[in-house]
Amino acid sequence: MAFCQQFLLGSPSSVYVHPRLDRTRRLHNEKTASSSSSSTSIIISASVSPAPSPSENGKSKNIFSVRRDSTKTVFLPILSAVSGLLLPFVGGGSGDGSSGGGGWFNFGGSGGGGGGGGSGSRPCLSYAIASEEERSTWDNHGLPAKVPIALSKLSGLKRYKVSEILFFDRNRKVTVEGTEDSFFEMVSIRPGGIYTKALLQKEVETLATCGMFEKVDLVANAKPDGTIGVTVSFVESTWQSANSFRCINVGLLPQSKPLEMDPDMTDKELMAYYGALESDYEKRINRSRSCLLPNTVYKEIVTMLGEEGKVSARLLQGIRDRVQKWYQDEGYACAQVVNFGNLNTSEVVCEVVEGDITELAIQFQDKLGNIVEGNTDLSVVRRELPPQLCKGHVFNIEAGKQALRNINSLALFSNIEVNPKPDEKNEGGIIVEIKLKELEQKSAEVSTEWGIVPGRNGRPTLASIQPGGTISFEHRNIAGLNRSIHGSVNSSNLLNPQDDLTFKLEYVHPYIDGVSNPKNRTFRTNVFNSRKLSPVFTGGPGVDEVPAIWIDRAGFKANITEAFTRQSKFTYGLVCEEITTRDETSCICKNGSRALPSGGLSFDGPPTSLSGTGVDRMAFLQSNITRDNTQFVNGTIVGARDSFQLDQGLGIGSKLPFFNRHQLSMTRFIQLKDIEEGGKAAPPVLVLHGRYGGCVGDLPSYDAFTLGGPYSVRGYNMGELGACRNILELAAELRVPVRNIDTYAFVEHGTDLGSSKDVKGNPTEFFRRVGHGSSYGAGVKLGLVRAEYAIDHNAGTGAVFFRFGERF
Amino acid sequence: MSLSMQKARDWTGIRGFPNATQNKLHELLEKLKYDKVNTLTILVMGKGGVGKSSTVNSLLGERVTYVSAFQSEGLRPMIFPRVLAGFTLNVIDTPGLVEGGYVNEQSLDTIKRFLLDKTIDVLLYVDRFDSYRVDNLDRQIIKAITDTFGKKIWKRSVIGLTHAQLSPPDGLSYDDFLARRSETLMKVIRSGATIKNREIQDYDIPIALIENSGRCTTNDDLEKVLPNGICWIPNMMKTITEVISNGSKAIYVDQKLIDGPDPNLRGKIFIPYILAFQYFFVVKYIKGSIMGDIKKEKKPLWQLRDGF
């Protein structure tokens, strides 16, 4: 005890808060990091957290931390020299030189106090090492149990195992179990750890200098099992009560040079010295930038100050926690309260390092992680970065995540990391480091498959076994500007590929207005062919199978897409194509056909092409504007989506086709109940959908609008309701989550507006279709599959359907 | 087609009619000639088995088409021109319009082509008097006829109801039954031909009753007479002549009518205006709402709270 007293007396009351303070914060960071890393190989730098535990502090890569283990550390303890009483103390190492009622408070990093200090400057590290080495062996205290022993009475040779830590507040006269006291985080002793007398003494010293306590000492209690309990008895530091609060960002302020203090100063000199300190601090405050902290938090803290009366160490701890919590919650992962100044005045000044970005570095890595010169133009990456990630802004983890998402959407990189790193050259600054691993530029792929078709009696015949396959290649990121060429050839019968060879060759040229231009326009051109079954030549209900008509299209497209937002875009371009209509035997066919009651086929159906020959060529302008502001609210889509598509014939091609074919579709996803975002429960949503399509001028049957089908009127087959010149579809769907399963009910109606007769040959009537129809039903979503029961209102019968994907 | 095209012959059949009927017919023809009408072409259409061919036979007083109770009808239309004192009467018999419960477009198509370059003065749409109900198929037939010849043909038409010699069921009087039957039929015709309520006046389609059976009652003058006392042959001819002189135009069947109006041509000249409208109103509107979305977009606080 006596020793403790002495120690305390001799110790300066100026202070240094133990770095372990940051333990909780650190864990918090780890959590954010793990949740942010996506399932692919992208890590928003899982490394966004500093070292997980103090004992590893020295070894781990401290990517996020503003603090470092180097001795030249960071946040110099700053003085608030107020009211002559306050005592200057600069840097931990020179601590002995100061005296008097301490007035400042530092939450600096590990080793923060160690301006020039020796062993004392890095206490946590040395403890940690000590406890690691001696984990296995410890000595019995060899004393009678239940005897309190002053620290000085302990043997210097023994290694004691601490089994319990208690806190005794001398003012309040209460003893608290260690882990429950808010001061626990200040103490580096942990129950179960093994400590020597020297270490314990050092601990007391550290506690005494941290500024939280006016008085502090340790008393050991001998336990029957040979271990000791440690009681920290303390008197909390308090300062004059304050009624206002100020938070400043001291992030990039240059370190203030400590004024030399001559121990032989006269009173007058001393006064001048304090005055200088005071004005220095005043200047520092003035130079600092105001914090991001919002008024609400300010008010909260002022209330806290008002309630407490005196400013106590615990109160400061609380303020620090509140401020840091706000920063953490808002995603300012690098922000930290480093110091409290101006104590013993009416205003508490909280100094925060917010994490100002001093540099944005983009690096490319090869497969082994070596830094290489990348192929990608840096401006391609840079345009994807939110401005908040650039120099001069405060680092926010959300901005980092957004950068990650944006860069990922370029699909150029196999691995993306966004790491904030402390700036070595610029104290308090953050370098945002973006590490990218580029994908292979060229790739080619061949895949093959066998096709077997069951023969006449259900058994596959040898002749039906066909080798099929796809050959594709891609050249990505040409010239580092994300231009690409992609081609693929596919045939289901390689022995006779002329039968069904489909190919596609596409060239994409983004940033046609320049990479640095915020206007985002992409030029695309492709050569294609496709083969589709025409839903125009489909029978109505009760009609025997209608001989299928295949529509082959081959041609090229060139268009420009202007992206306004990620989802809203405007595309316009030219399409030149040759359309060939074929029957089931791949012969060109000119008219649709249907089975006669006599069993024969009548070939006098609607003409399949505009020219009447079965082959049409045409060039037309195609444009599409889509407005899409939908977003996900707890996994359910909410918002509005409108799109207008226009095909404008130019009079170029067979029979000089001149037409204006247009479609307008509008969909609203209306959230019916306000719910908390980020929760699990999805809101009920009402979907309203309307689609109008029409064509003025030449309309070949393959371009007629078809009614019926999973994306038109559910409950009917594709084209079962008709093929027409004008079309109107209306649909409503109510989506209600029931116990995490999405259920829905819908009503749909589609009509040809009497325009079926305006399609040449009237395919609707020829194939005995009604031309309009309604349906209603209900279903559940099972993952990607929709299972629904839909009632066809024309026939009045229902059926169960399974579909992939969404209707809207 | 050459088979069905017959040379104009003298209308000898008229002599088979009773004198009173002959006199009435002559009177009507004189009246037509007075109105400077020298030819009269009657197109007979209807479902199969309602008695079209029999009606033609009755009308001409000749057995021009072979009718048997169970045999299906001819597959192509036939024209029977008859000349009487400088007046030509053409009667066109057509195959039934229904096949397998649907309108047989093929036979309609044949009829259309057969009628090319001919003028139809009167359409005689034949149905049975003694059927009690009409259905969607009737509507479909009317619609098909309308789509082929245009709505105007109904200004030039007469509804002929065969099997008119019947005793109405449920103690209805003959006239009541006639009124009911014609009303239901009219409704179907109006809906099939899309005759609107305000147009009913313009499309006043008269009804003529027909009884082709040999056992048809005759009156003292040996004229075929119906239960309501009307001699149907002269009465039908009278109705037809009235329709001709109601001021409407005869239907001339040309290639254009057969093809129907080309829907691909309709509105073509407006395309530039449509395009302009689409650009200035639709595209611009959507673009505007996108810009609105961008402005309204809820930005996360960290984006608003800039780091200066």
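The structure we're discussing is the one just above.
Residues numbered from 1 in each chain as written. Chains lettered and ligands numbered in written order. Predicted model: local features only at pLDDT ≥ 70, side-chain atom pairs only at ≥ 80, totals over all residues. Heavy atoms only, no water.

> Honestly, the sheet that holds strand β17 (residues 429–438) of chain A in this entry has me stumped. Any pointers?
One key point about sheets: their strands pair by backbone hydrogen bonds, in either a parallel or an antiparallel sense. Residues and elements named next belong to chain A. The strand order across the open sheet formed by 4 strands is β15-β14-β17-β16, and the pairing between neighbours is mixed. Each having just a single partner strand, β15 (371–372) and β16 (413–422) make up the two edges of the open sheet. Relative to β15, strand β14 (residues 356–365) is paired through 2 bridges, and the arrangement is antiparallel. Within β15, the residue paired with Q365 across the bridge is I371. Each of β16 and β17 is contacted by helix α9 (residues 397–409), which is oriented at about 160 degrees to β16, the strand it contacts most. (Pairing = 2+ DSSP bridges. Helix = DSSP H or I, 4+ residues; strand = E, 2+ residues; numbered from the N terminus. Contact = heavy atoms within 4.5 Å. Axes fitted to C-alpha atoms, helices over the stretch in contact; angles between N-to-C directions.)

> I'm lost on the pattern of salt bridges in this one. Help?
Close approach of charged atoms allows side chains of opposite charge to pair. Inspection of the entire model under this criterion finds 50 salt bridges over all chains. Between A:D552 and A:R531 there is a salt bridge whose closest N-O contact spans 2.8 Å. One end of the pair, A:D552, is in strand β23 (residues 550–563); the other, A:R531, is in strand β22 (residues 520–533), and 21 residues separate them in sequence. Taking the relative accessible area as the measure of exposure, A:D552 reaches 13% and is therefore buried. When the shortest N-O distance is used, the salt bridge between B:D127 and B:R181 registers 3.4 Å. One end of the pair, B:D127, is in strand β8 (residues 122–128); the other, B:R181, is in helix α5 (residues 174–192), and 54 residues separate them in sequence. Take B:D127: its relative accessible area is 3%, and that puts it in the buried class. Residue classification places B:R181 among the buried residues on the basis of a relative accessible area of 3%. Put simply, A:R691, A:R714, A:E729, A:E733, A:R735, A:E748, A:K781, A:R786, A:E788, A:E806 and A:R807 are held in one network by salt bridges that share partners. (Salt bridge = Lys/Arg side-chain N within 4 Å of Asp/Glu carboxyl O. Buried < 20%, exposed > 50% of the residue type's maximum accessible area, 1.4 Å probe, protein only.)

> Just checking my understanding: could you explain the packing of aromatic side chains for this structure?
Any two aromatic rings considered together are summarised by their centre-to-centre distance and by the angle between their planes. All names here are of chain B. Inspection of the entire model under this criterion finds 17 aromatic pairs over all chains. Ring centres of Y125 and W154 lie 6.3 Å apart, and the angle between their planes is 70 degrees; this geometry places the pair in the edge-to-face category. With Y125 in strand β8 and W154 in the loop between α4 (136–149) and β9 (157–162), the pair connects residues that are 29 residues apart, well separated along the chain. Of the residues examined, Y125 reaches a relative accessible area of 1% and is grouped as buried. By relative accessible area, W154 is classed as buried at 1%. (Phe/Tyr/Trp six-rings, centres within 6.5 Å; stacked < 30°, edge-to-face > 60°.)

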